[in-house]
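What follows is the residue order along each chain.
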Amino acid sequence: MKTSKNQTLILSMLLAFCSGASLAADRKVDIGEREYQSNCVACHGVTGKGDGPVAQVLKVRVPDLTEMSKNNGGVFPFARMYESIDGRQQYQAHGTRDMPIWGYTYKAGGAPEYDDYPYNAEYFVRSRILALIDYLNRLQAK
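The rules behind these values
Residues numbered from 1 in each chain as written. Predicted model: local features only at pLDDT ≥ 70, side-chain atom pairs only at ≥ 80, totals over all residues. Heavy atoms only, no water. Axes fitted to C-alpha atoms, helices over the stretch in contact; angles between N-to-C directions. Helix = DSSP H or I, 4+ residues; strand = E, 2+ residues; numbered from the N terminus. Parallel < 35°, antiparallel > 145°, perpendicular 65-115°, else oblique. Left-handed = near helix turned anticlockwise from the far one by under 90°. Contact = heavy atoms within 4.5 Å. Phe/Tyr/Trp six-rings, centres within 6.5 Å; stacked < 30°, edge-to-face > 60°. Buried < 20%, exposed > 50% of the residue type's maximum accessible area, 1.4 Å probe, protein only.

A. The packing of helix H4 (residues 78-86) against helix H5 (residues 121-138), seen in detail. Where H4 meets H5, the closest approach of the two axes is 10 Å, and the angle between their N-to-C directions is 130 degrees. When the axes of H4 and H5 are compared, the pair comes out oblique. The crossing of H4 and H5 is right-handed. In this structure, H4 uses Phe78, Met81, Tyr82, Ile85 and Asp86 to contact H5, whose residues at the interface are Arg126, Ile129, Leu130, Leu132, Ile133 and Leu136.

Here's what the structure looks like:
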């Protein structure tokens with residue numbers, strides 16, 4: 001009797017593991033979406049329309065990120081987006097270049113947490129910025 005309970009328990013655990021692995025395989029990680037959710041959604045909102053919970057307390061209007069291409073003659077403003085994120089293009093709501101609202105998240109060499117990884121911090125930061133820009137491009141209104 002005890003053996004059958006153990007077998008049932010093991011079989012149940014195996015089935016749960018396999019179904020979880022199957023669900024994980026179906027849903028791929030979207031790094032750009034993750035970056036957006038972690039660093040942008042508070043002001044720009046879940047859909048990018050500028051209606052995040054912090055937007056109402058800011059003194060400046062939060063732009064609708066879904067209209068970036070439309071407001072740029074139908075072309076996604078890649079360079080402007082990159083410079084906005086890495087701090088070269090300054091916006092009052094993002095803070096100063098030395099300490100933008102998201103801290104050192106998109107600044108290589110500025111964050112101590114990058115020092116422990118066995119890869120180039122500059123490449124790591126650039127890939128995160130590019131993933132975020134790709135996600136913003138996919139948010140554009142059609």
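Following the structure, the description resumes.
B. Spatial organisation of the packing of aromatic side chains. Scanning all chains against the criterion turns up two aromatic pairs. Relative to Tyr135, the ring of Tyr36 lies with its centre 5.4 Å away and its plane at 45 degrees, an arrangement referred to as tilted. Placement of the pair is Tyr36 in helix H2 (residues 31-39) and Tyr135 in helix H5, with a sequence separation of 99 residues. A relative accessible area of 0% means that Tyr36 is categorised as buried. Their ring planes at 40 degrees and their centres at 6.2 Å tell us that Phe78 and Tyr82 sit as a pair that is tilted. Highlighted residues: Phe78 and Tyr82, both in helix H4, separated by four residues, approximately one helical turn. On the basis of relative accessible area, Tyr82 is assigned to the buried category, the value being 14%.

So far we have only geometry, and geometry alone does not tell us how the molecule works.
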